[in-house]
2 protein chains.
Amino acid sequence: MNASRSPVRQSSVRAHNLALVLQTVANSADRPSRAAISAATGLTRATVSALVDDLIAGRLLTELDPAPRTGAGRPAAGLALNPDGPGGLGLEINVDYLAACVVDLTGVVRHRFVTRADQRLLPAAAALADLGVLAARAREAAAADGIELAGAALAVPGLVTAGGLVPVAPNLGWQDVDVPALLDLGLPLTVDNEANLAAIGELRTDGGAPTFLYVSGEIGIGAGIVLNGELYRGGRGWSGEIGHVTVYPDGRPCRCGASGCLEQYAGQEAVAADPDLAAAALGIALSAVVNLLDLGVIVLGGGYAPEFDRLRDGIEAELRRRVLTAGLAPVTLRAATLGPDAAMRGAADVVITGVREDPARWLARAQAV
Amino acid sequence: MNASRSPVRQSSVRAHNLALVLQTVANSADRPSRAAISAATGLTRATVSALVDDLIAGRLLTELDPAPRTGAGRPAAGLALNPDGPGGLGLEINVDYLAACVVDLTGVVRHRFVTRADQRLLPAAAALADLGVLAARAREAAAADGIELAGAALAVPGLVTAGGLVPVAPNLGWQDVDVPALLDLGLPLTVDNEANLAAIGELRTDGGAPTFLYVSGEIGIGAGIVLNGELYRGGRGWSGEIGHVTVYPDGRPCRCGASGCLEQYAGQEAVAADPDLAAAALGIALSAVVNLLDLGVIVLGGGYAPEFDRLRDGIEAELRRRVLTAGLAPVTLRAATLGPDAAMRGAADVVITGVREDPARWLARAQAV
DNA sequence: AGGATTTGTTTATTGGTTGAATTATTTGAC
DNA sequence: GTCAAATAATTCAACCAATAAACAAATCCT
């Protein structure tokens with residue numbers, strides 16, 4: 001119904017095809033030739049050549065030495081994402097540290113800065129000012145490498161609304177913080193929940209499943225829901241609050257006012273106190289998620305990752321028992337591969353994914369400058 | 001990442017714009033003129049004229065008498081969806097009846113056939129053969145009105161995989177039924193879960209929220225999840241199994257092998273036996289869904305609709321208590337507006353939505369014939 | 001009756017893809 | 001050592017679809 005509600009699309013065919021070519025290069029293991037791209041996309045070799053010219057001129061692609069190939073014929077020129085093209089600035093603010101990283105277009109982390117300090121002692125404005133300093137340093141480092149930043153994204157451990165407002169971030173002690181107003185980097189800024197961005201980080205590393213749940217166990221418990229390769233943020237951006245899913249209706253009282261929330265049985269302290277209880281509670285809650293969303297993969301991150309071996313059996317037992325379709329297709333449980341950097345990495349990924357998905361906008365901007 | 005993985009799009013600009021124009025007409029309360037469509041879409045009047053000509057030639061739009069308007073200027077010709085254009089065949093098989101309906105392009109039910117009979121007594125092949133007879137009758141009735149059917153969709157109370165296979169439909173006693181193989185109507189056939197299609201039916205009636213949960217309480221309990229105007233089917237098409245979400249971990253044993261499933265506390269018998277218990281259990285399970293997916297609207301359908309007034313307070317009490325963001329934005333609970341026909345209507349809607357979203361395909365087909 | 005106004009069509013132009021022909025660069029055979 | 005075959009990439013005329021601007025049609029207002 002509202003699928004193609006977009007204004008119009010006249011000759012933005014080119015924008016689409018630029019993205020198609022760029023993504024084809026990005027998703028290729030080897031360095032594809034123009035002819036290979038033509039075959040993969042269905043576009044004419046002529047068209048691919050023209051598009052590639054634009055992408056090279058805009059510093060998004062580079063031509064490499066002859067790609068390894070056998071047989072007769074003129075050797076192809078290999079194409080790859082330009083590591084000196086536009087990069088992404090990933091930012092994170094958490095209870096006891098600030099962090100920033102620069103990721104280039106190919107997905108490689110080029111610079112990484114961390115400041116350890118308890119952010120709960122500072123007002124939001126001061127914390128964000130400190131983060132601004134860190135961001136400036138990262139930007140200089142990027143500039144020294146010849147990398148221009150296409151934008152920035154910030155991971156926050158709290159609820160985030162569409163405009164980058166944070167109504168509440170309990171563990172930071174924030175309330176109604178207008179992040180974009182307090183953190184002006186002169187770059188497009190995206191603000192999102194920490195678990196959401198960590199999920200995106202995992203999506204990028206895991207070549208496999210495009211549909212999975214990322215569960216982050218810290219003091220609270222958050223989850224990022226990735227459906228068909230895209231993060232689902234919910235109607236108001238407040239999805240993934242798995243920590244307050246009811247596990248034992250008449251159980252322990254929770255600081256949210258309800259009782260029996262998962263957080264009381266599988267939060268950081270609860271895991272330390274009784275891993276078996278935590279695993280069972282997690283298994284019950286995760287079974288509910290799988291029954292609802294039909295997910296095939298669950299990734300345990302944050303504080304759960306180091307405890308994975310101790311939790312696995314208990315969780316899987318509940319999944320086998322409570323997931324209706326467990327007999328038809330198993331649910332895969334795995335630990336997150338990115339460590340504590342997941343959210344920051346995911347944030348940077350959001351920026352470069354933006355460039356990859358709409359190169360035409362970047363080209364227009366780069367040309368205007 | 002995989003957003004624009006589509007093969008190519010050369011001059012399928014036209015396909016997109018045809019859809020845009022058609023949807024603009026469909027979503028207009030009044031019968032818009034070509035000029036009004038031009039203003040709404042941003043396309044030129046000339047372009048709109050050309051597109052409208054194609055749509056009229058393909059019997060998707062009709063030109064009406066002058067639309068009511070005031071002021072100077074040449075009077076406009078009103079445009080509207082053609083009620084004699086392609087229609088959709090909606091089918092449903094359930095425990096104690098078979099049903100078929102013909103819905104025209106404007107969304108009006110033109111014909112409706114129901115056969116009451118216990119389907120549990122028949123093997124799947126026989127039940128589908130009976131349904132085929134009903135479908136043929138519906139098709140004749142449509143032809144008598146000058147309506148050609150663009151396709152058919154079937155609602156089944158069970159799990160459905162991508163290819164239309166039904167691995168299991170417990171209440172019908174089906175197992176591994178290949179529906180498309182047993183029901184050849186000579187039309188493109190879509191098979192989907194009953195709750196999913198009912199949710200689509202509600203989406204069409206409710207002009208409002210494009211993100212909601214539809215819960216259908218029959219013997220079992222199913223749910224259709226509509227996110228941003230689109231049904232979410234899950235990785236394997238098995239989403240929405242809310243009936244087996246755990247409510248009381250150590251509670252009543254369920255026929256699925258687990259214990260404490262929602263179905264045991266809010267299934268048809270349980271509602272009749274103790275509405276308050278059912279409401280509390282529903283409230284707990286629905287709170288989990290809202291915490292996970294950040295839904296603003298929940299629609300109670302199927303057997304819940306007539307019991308709505310008796311369930312409402314109990315459910316809302318739990319939602320207020322257990323939904324983390326309840327204080328920030330309320331969750332709206334309402335009864336389904338379509339009755340028992342919801343799934344069948346939704347099925348037919350799927351077909352006509354397909355035509356509305358891709359009119360170019362229909363035009364090509366119509367021209368080829 | 002005549003100007004104003006709005007609708008819808010016609011015509012030349014432009015952006016972008018296609019397909020065929022052409023050029024470029026290698027391998028392999030005689 | 002030269003030539004044919006093969007593959008890669010570019011050039012160029014043709015075509016499709018949208019745009020902008022001019023034009024025709026049909027009404028209202030004075």
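Residues numbered from 1 in each chain as written. Chains lettered and ligands numbered in written order. Predicted model: local features only at pLDDT ≥ 70, side-chain atom pairs only at ≥ 80, totals over all residues. Heavy atoms only, no water.

Below, the discussion takes up the overall build of chain A. Within chain A one finds 12 helices and 14 strands. Relative to the globule expectation of 21 Å for 369 residues, the C-alpha radius of gyration of chain A, 22 Å, shows essentially globular dimensions. Principal-axis analysis of the C-alpha atoms places the extent of chain A at approximately 70 × 55 × 40 Å. For chain A, the proportion of its 369 residues judged to be buried stands at 54%. The contacts of chain A with a sequence gap of at least 6 include a subset with a gap of at least 24, amounting to 62%. Put simply, chain A shows about 14800 Å² of open surface, and 52% of that area lies on carbon and sulfur atoms. Side-chain charges in chain A split into 30 positive and 39 negative, and the spacing between the mean points of these groups amounts to 7 Å. (Helix = DSSP H or I, 4+ residues; strand = E, 2+ residues; numbered from the N terminus. Rg over C-alpha atoms; globule rule 2.2 N^0.38 Å. Buried < 20%, exposed > 50% of the residue type's maximum accessible area, 1.4 Å probe, protein only. Contact = heavy atoms within 4.5 Å. Areas by Shrake-Rupley, 256 points an atom, 1.4 Å probe, with all protein chains shown as cover. Lys, Arg positive; Asp, Glu negative; His and termini not counted. Charge placed at Lys NZ, Arg CZ, Asp CG, Glu CD.)

All names here are of chain A. Here five strands make up an open sheet; going across it, the order is E12-E11-E10-E13-E14 and the pairing mixed. Whereas interior strands pair on both sides, the edge strands pair on one side only; in this sheet they are strand E12 (230-232) and strand E14 (332-335). Neighbouring strand axes in the sheet, compared pairwise and without regard to direction, differ in orientation by 25° on average. Inspection of the sheet shows strand E10 (residues 212-217) paired to strand E11 (residues 221-227) by six bridges, in the antiparallel sense. Bridge pairing in E11 places Phe212 opposite Val226. In the packing of helix H10 (residues 308-322) onto the sheet, contacts are made with strand E13 (297-302) and E14, and the angle to E14 comes to roughly 165°. (Pairing = 2+ DSSP bridges. Axes fitted to C-alpha atoms, helices over the stretch in contact; angles between N-to-C directions.)

A few words now on the protein's contact with DNA strand C. Lining the immediate environment of DNA strand C, one finds 25 residues, of which Arg14 of chain A together with Arg45, Ser49, Arg74 and Ala77 of chain B sit closest. Considering DNA strand C, the proportion of its atoms within 4 Å of the protein that are sugar or phosphate atoms stands at 73%. Within the side chain of Ser49 of chain B, one N or O atom sits 2.4 Å away from a phosphate oxygen of DNA strand C. Between DNA strand C and the protein, one listed contact pairs a phosphate oxygen with a backbone N or O atom of Ala77 of chain B at 2.8 Å. Those elements giving two or more residues to the surface near DNA strand C turn out to be helix H1 (13-26) and helix H3 (45-57) of chain A together with helix H2 (34-41) and helix H3 (45-57) of chain B. Here the residues of the surface near DNA strand C are counted per class, giving 10 nonpolar, 10 polar and five charged. (Near = heavy atom within 4 Å. Polar contact = N/O pair within 3.5 Å; in protein donor to acceptor, adjacent residues only side chain to side chain. Nonpolar A, V, L, I, M, F, W, Y, C, P; charged D, E, K, R; others polar.)

Let us look at the nonpolar core. Ranked by internal contacts, the top residues of the largest apolar core, which has 76 residues, are Ile242 of chain A together with Ile242 of chain B. Broken down by element, this core gets its largest block of residues, 13 residues, from helix H9 (residues 275-293) of chain B. Once residues lying within four places of it in the same chain are set aside, the contact partners of Ile242 of chain A are Leu213, Val215, Ile221, Gly222, Ala223, Leu262, Leu286 and Val289 of chain A together with Leu292 of chain B. (Core = buried A, V, L, I, M, F, W, Y, C linked by side-chain atoms within 4.5 Å.)

A separate point is the side chain of Ser33 of chain B. Inspection of the secondary structure assignment puts Ser33 of chain B in the loop between helix H1 (13-26) and H2. On the basis of relative accessible area, Ser33 of chain B is assigned to the buried category, the value being 14%.

For the rest of this paragraph, the subject is the relation of the copies chain B and chain A. Mapping chain B onto chain A calls for a rotation angle of 179° and an axial translation of 0.1 Å; the resulting RMSD is 0.1 Å. Taken together, the turn and the small shift mark the pair as related by a two-fold rotation axis. Identified as the residue of chain B closest to the rotation axis by C-alpha distance is Tyr248 of chain B, at 3.3 Å. When the interface residues of chain B are mapped onto chain A, 99% of them again lie at the interface, so the same face is used by both copies. (Least-squares fit on C-alpha atoms with pLDDT ≥ 70 in both.)

With that settled, the discussion passes to the domain arrangement of chain A. All names here are of chain A. Domains assigned within chain A are domain 1 (13-81), domain 2 (87-194 + 343-357) and domain 3 (207-335). Using only C-alpha atoms to locate each centre, domain 2 and domain 3 end up separated by 26 Å. If you look at the interface, domain 2 gives seven residues, while domain 3 gives 11 residues. Both faces combined, the contact of domain 2 with domain 3 buries some 710 Å², and carbon together with sulfur accounts for 44% of it. Ranking the residues of domain 2 by area buried against domain 3 places Leu159, Asn171 and Asp192 at the top, with a combined share of 48%. Inspection of the domain 2/domain 3 interface yields one salt bridge. Across the pair Arg233 and Asp192 runs a salt bridge, and its minimum N-O distance is 2.6 Å. Where domain 2 packs against domain 3, one counts two residue pairs in polar contact (both at pLDDT 80 or more). (Domains from an automatic or database assignment. Buried area = accessible area lost by both parts, 1.4 Å probe. Salt bridge = Lys/Arg side-chain N within 4 Å of Asp/Glu carboxyl O.)

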